[in-house]
Amino acid sequence: MTGSPGTRTVTAGSMTTKGAKAAYGLAGLAGLLALMEAVPRLGIVDERFLPPASEILGALAAELRTAALWTALGETLGGWALGLAIAFVAAVLAGVVIDLVPGLRAASHSTIEFLRPIPSVALIPLATLLFGASLGSTLLLVVYAAFWQVLIQVMYGVADVDTVADDTARSYGLSRWSRIRNVVWPTALPYIMTGLRLAASVAFILAITAELVVGSPGLGLEIQVAQSSGAVATMYGLVVLAGLIGIAVNLAVRVLERRVLAWHPSVRGEVAS
Amino acid sequence: MLEVTGLKKVYESTGREAVGDLSFQLDAGELACVVGPSGCGKTTLLRCVAGLLAPTAGTIRVAGVPVTGPPDNMAVVFQEYGRSLFPWMTVQQNVELPLKEKKLPKVRRAELVAESLAAVGLADVPRSYPWQLSGGMQQRVAIARALAYEPEVLLMDEPFAAVDAQTRGELEDLVLRIWQRLGTTTLFITHDIDEAIYLGQRVIVLSSSPTVVLEDVKVDLPPERDQLATRALPRFTELRGHVYAQIQRAKDTR
Amino acid sequence: MTVTERPGLGLRLLRLLGLPILLILAWWAFSVTSESFYVPTPPRVVQAFAETWFSPRLIDDALPSVARLLAGYALATVLGVGLGVPIGLSVRLRAAAEPVLEFFRAIPPPVLVPLIMLLAGIDNGMKILVIVSGCVWPILLNTVEGVRALDQVLSDTCRMYGVRGRSRLRHLVLRGASPQIMAGLRQALSVGIILMVISEMFASSSGLGFTIVLFQRGFAIPEMWSGILLLGLLGFGLSVIFRWMERRVLSWHWSHRA
């Protein structure tokens, strides 16, 4: 970004080392915990509605020792992973078909642009009717939400194929299948990974939503049960856990993205840029 | 008008000494060029003079006043024209913004904008956006903005490094014409020896970093410059050879 | 798009409407042949749509929902940009705030619904608060990122020419960060719609989300579908409006980068 070596120093000051940055970050987190501890203790907010941080973390620790929580966690992540996988495969296939069939891209544009912004939560009543409080509901919502994220990126990706590369492949008489494998797929891969990253976080949100609202088994249901049974500290603890899993999901997909793209020789440039 | 005394800059983060004991001065109305080997701290020098970077030691005075932040009577034309113009403002708005900050009345602002755009030959595009213009035209807008500001000292940081050779010649003549008309004290930083000799009354040759002044060359060419005639003068070639040798020496002694 | 010459009107209409019409016909055929109770025919849904939503329900349920969404979204924008600018401008503040903000963003917004219900009850205020608490993070984090990445040459230019204070904020900081801010606003919009629906499904006696769940529980299937259709139209409409606004705000940006 910055042009010359001199440009950074004015603003950077003493914040140049990684250690200092981490120290500030830790201080920020400590500050949040202290605030969460002090606000209820000082009676600014009633402890019944916002327990002190120590109690929240204590409740979370207690929950983590129960088998039920781990089962719920497994169900949430299972639904998330399965839904994401279905959406991913379906979207990649759909994207390739749309690219291969002449005219389909132009013909499907209006339909995609209409269906894409439909909030997947609109399907909650349908999910409830069709599947009730089960994995099926989770899957319906997760797949619908994640599908569009991947599809749009796949379509950008296959449209981005360099015409010169494609012409070269044609002039050497590569078959259609071979062109897809050697030209289209490597070009589209970075886009597809971006789609996967976006879809992964949306899928996690929808998995939790289905559990929370429809009542499919999982972490969301546990939160809802904790709330309705008045286990306030437990509820907060589970919300914290949901945040931590959200971070883990993001990190995991980022690591995967970097690995897939770094391994692929033809897209190394993209990773670097 | 511009005095740089014992300027020294060490970057805290890396401990690198970019500029070591550097001194020179410019009289009012002078046009001096600064050349040096690449990576010699030219930009650091400019940022210190402009008040954008605090020096480690030494002082800079503009019209006798020590520089502690960007002075009011100074304007800068940066190398990166594409990044120093606001892409969301038209040419006219770009030139006018600093004048608004100076709290000039509207009529005066309109006058200054029109005059300075005319001076750089862009009277016909005030409502265009910078990105609709070519690189050379964008740099003209940046020059017009500096002129409209009516500075006593004008700093130019390799302003033509990123434009093509033909445009470059035109812009050099533009700078000369404007300087001859307004007599603004100008410090012109460049890495191009020909450009420095062609434009300057003086050429300040810098060493490689930590930078000091190697030599202050007086350019004893006739004041009327011309791209073909001036560059063909034997004296021009001599001066160029001299400065070139100095810079080569600076590189070798690194 | 790589369409070089503009196709004729007939072809454009076919492209625009061909597939949607085919899909509706397929739906129709399916709903007639299958005995499924859950799949009404398209005319039945349209009829239910007209009966259900061209009625006082539109004013009693749909409009308040949309109003809450817009209120929460607007509040989140003010809050997100208002906090994001100072955090983005200060290196230390940013280093301290970033892990905390990343954590809040990673919390799936729907879990905030029971939490905020507990803190703020189940009235209008709670629903708006839920929307704010979900929408604010993408806006805040994108603003921070946009302000951090302001062009150094441009801010040097501002310093040289004495552009500071409010004028700097208006002409440099907000405009320079606007592409990122708009990206945050786009993410926040879809989060906002989700939260609008969920907060009403969870605990409410009015609103779009509530009404649709009511139909579903009462097995009023065509009406339920009409509600899904309305939500779909709402999502589509808002995204069209958003894109129109974005194009106006960022026209310089697209041309600049092109």
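Residues numbered from 1 in each chain as written. Chains lettered and ligands numbered in written order. Predicted model: local features only at pLDDT ≥ 70, side-chain atom pairs only at ≥ 80, totals over all residues. Heavy atoms only, no water.

A. Examining the overall build of chain A more closely. The helix and strand tally for chain A stands at 12 helices and 0 strands. When the elements of chain A are put in sequence order from the N terminus, they spell out α-α-α-α-α-α-α-α-α-α-α-α. For chain A, the residues scored as buried account for 46% of the 273 residues in total. Long-range pairs, those at least 24 residues apart, make up 69% of the contacts in chain A between residues at least 6 apart in sequence. (Helix = DSSP H or I, 4+ residues; strand = E, 2+ residues; numbered from the N terminus. Buried < 20%, exposed > 50% of the residue type's maximum accessible area, 1.4 Å probe, protein only. Contact = heavy atoms within 4.5 Å.)

B. Representation of the interface of chain B and chain C in the model. Every contact between the two is made by 26 residues of chain B and, on the other side, 21 residues of chain C. It is B:Arg83, B:Trp88 and B:Trp131 in chain B that bury the most area against chain C; as a group they hold 31% of the surface buried on that side. In this structure, C:Asp156 engages B:Arg47 in a salt bridge whose closest nitrogen and oxygen atoms are separated by 2.4 Å. Remark: the boundary between chain B and chain C carries 7 residue pairs in polar contact (both at pLDDT 80 or more). Within the side of chain B that touches chain C, the residues separate by chemical class into 18 nonpolar, 3 polar and 5 charged. (Buried area = accessible area lost by both parts, 1.4 Å probe. Salt bridge = Lys/Arg side-chain N within 4 Å of Asp/Glu carboxyl O. Polar contact = N/O pair within 3.5 Å; in protein donor to acceptor, adjacent residues only side chain to side chain. Nonpolar A, V, L, I, M, F, W, Y, C, P; charged D, E, K, R; others polar.)

C. Quick peek at the interface of chain C and chain A. With 51 residues of chain C at the interface, the matching set in chain A holds 57 residues. Here chain C and chain A share an interface that buries about 4800 Å² over both sides, 79% of which is from carbon and sulfur atoms. In this structure, A:Glu113 and C:Arg243 form a salt bridge, with 3.4 Å as the shortest nitrogen-oxygen distance. For the pair chain C and chain A, the number of links is 4 residue pairs in polar contact (both at pLDDT 80 or more). Secondary structure elements with two or more residues in the side of chain C that touches chain A: α1 (9–33), α4 (91–106), α5 (112–120), α7 (152–160), α8 (165–202), α9 (208–217) and α10 (221–257) of chain C. Split by residue class, the side of chain C that touches chain A holds 40 nonpolar, 5 polar and 6 charged.

D. Region of interest: the pairing of strand β8 (residues 185–189) of chain B. Residue and element names in this part refer to chain B. Of all 5 residues making up β8, 5 are buried, and the element is well covered by its neighbours. Both faces of β8 are covered, namely the face carrying Thr-185, Leu-187 and Ile-189 and the face carrying Thr-186 and Phe-188. Sheet topology note: the strand β3 (residues 31–35)/β8 ladder contains 4 bridges and is parallel. The residue bridging Cys-33 from the neighbouring strand is Phe-188, located in β8. Running through helix α6 (residues 165–182), the crossover from strand β7 (residues 153–157) to the neighbouring parallel element β8 is right-handed. (Pairing = 2+ DSSP bridges. Right-handed = clockwise from strand over helix to strand, strands pointing away.)

E. Just the packing of helix α4 (residues 67–100) of chain A against helix α7 (residues 135–159) of chain A, in detail. Residues and elements named next belong to chain A. Direction vectors running N to C along α4 and α7 enclose 35°, while the axes themselves pass 7 Å from each other. You can see that α4 and α7 cross each other, and the crossing is right-handed. When its residues are assigned to classes, the contact of α4 with α7 shows 23 nonpolar, 3 polar and 1 charged. (Axes fitted to C-alpha atoms, helices over the stretch in contact; angles between N-to-C directions. Left-handed = near helix turned anticlockwise from the far one by under 90°.)

F. The arrangement of the pattern of salt bridges in detail. What the rule picks out here adds up to 29 salt bridges over all chains. With a shortest N-O distance of 3.8 Å, C:Glu98 and A:Lys21 are connected by a salt bridge. Here C:Glu98 is found in helix α4, whereas its partner A:Lys21 is found in helix α2 (residues 18–41) on a different chain. What makes C:Glu98 partly exposed here is its relative accessible area of 21%.

G. View of the sheet that holds strand β9 (residues 202–206) of chain B. Residue and element names in this part refer to chain B. Reading across the sheet, the 6 strands line up as β6-β7-β8-β3-β9-β10 and stay open at both edges, with mixed pairing between neighbours. Where the open sheet ends on each side, the last strands, each with one partner, are β6 (74–77) and β10 (213–218). Ignoring strand direction, the axes of neighbouring strands in this sheet form an average angle of 15°. Direction of pairing for β7 relative to β8: parallel, over a ladder of 5 bridges. Bridge pairing in β8 places Asp-157 opposite Ile-189.

H. Summary view of the packing of α4(C) against helix α6 (residues 124–148) of chain C. All names here are of chain C. Look at α4 against α6: their axes get within 10 Å of each other, and the N-to-C directions meet at 145°. Seen along the crossing, α4 lies across α6 with a hand that is left-handed. When α4 is examined against α6, the residues Arg-94, Glu-98, Leu-101, Glu-102, Phe-104 and Arg-105 are found in contact with a partner set consisting of Trp-137, Leu-140, Leu-141, Val-144 and Arg-148. Of the residues assigned to the contact of α4 with α6, the class counts are 6 nonpolar, no polar and 5 charged.

I. Structural context of unusual backbone geometry. Residue and element names in this part refer to chain B. For Lys-103, which is not glycine, the phi dihedral falls at a positive 60°. Note on placement: Lys-103 falls in the loop between α3 (91–101) and α4 (106–119). Note on Lys-103: relative accessible area 69%, which makes it exposed. Even without glycine at this site, Glu-158 takes up a positive phi of about 40°. Summarising the element assignment, Glu-158 is placed in the loop between β7 and α6.

J. View of the environment of B:Gln201. All names here are of chain B. Looking at the element boundaries, Gln-201 is found in the loop between α7 (193–199) and β9. As a C-alpha pair, Gln-201 and Pro-105 span 96 residues in sequence and 36 Å in three-dimensional space. Not counting chain neighbours up to four residues away, the residues in contact with Gln-201 comprise Gly-29, Glu-30, Leu-31, Trp-179, Val-217, Lys-218 and Val-219.

K. Region of interest: the sheet that holds strand β1 (residues 2–10) of chain B. All names here are of chain B. Spatially, the 4 strands line up as an open sheet ordered β2-β1-β4-β5, and their pairing is antiparallel. Two strands lie at the open edges of the sheet, namely β2 (17–26) and β5 (65–66), each paired on one side alone. With 5 bridges joining them, β1 and strand β4 (residues 57–62) adopt antiparallel strand pairing. Each residue of the ladder has a partner; that of Leu-2, found in β4, is Val-62.

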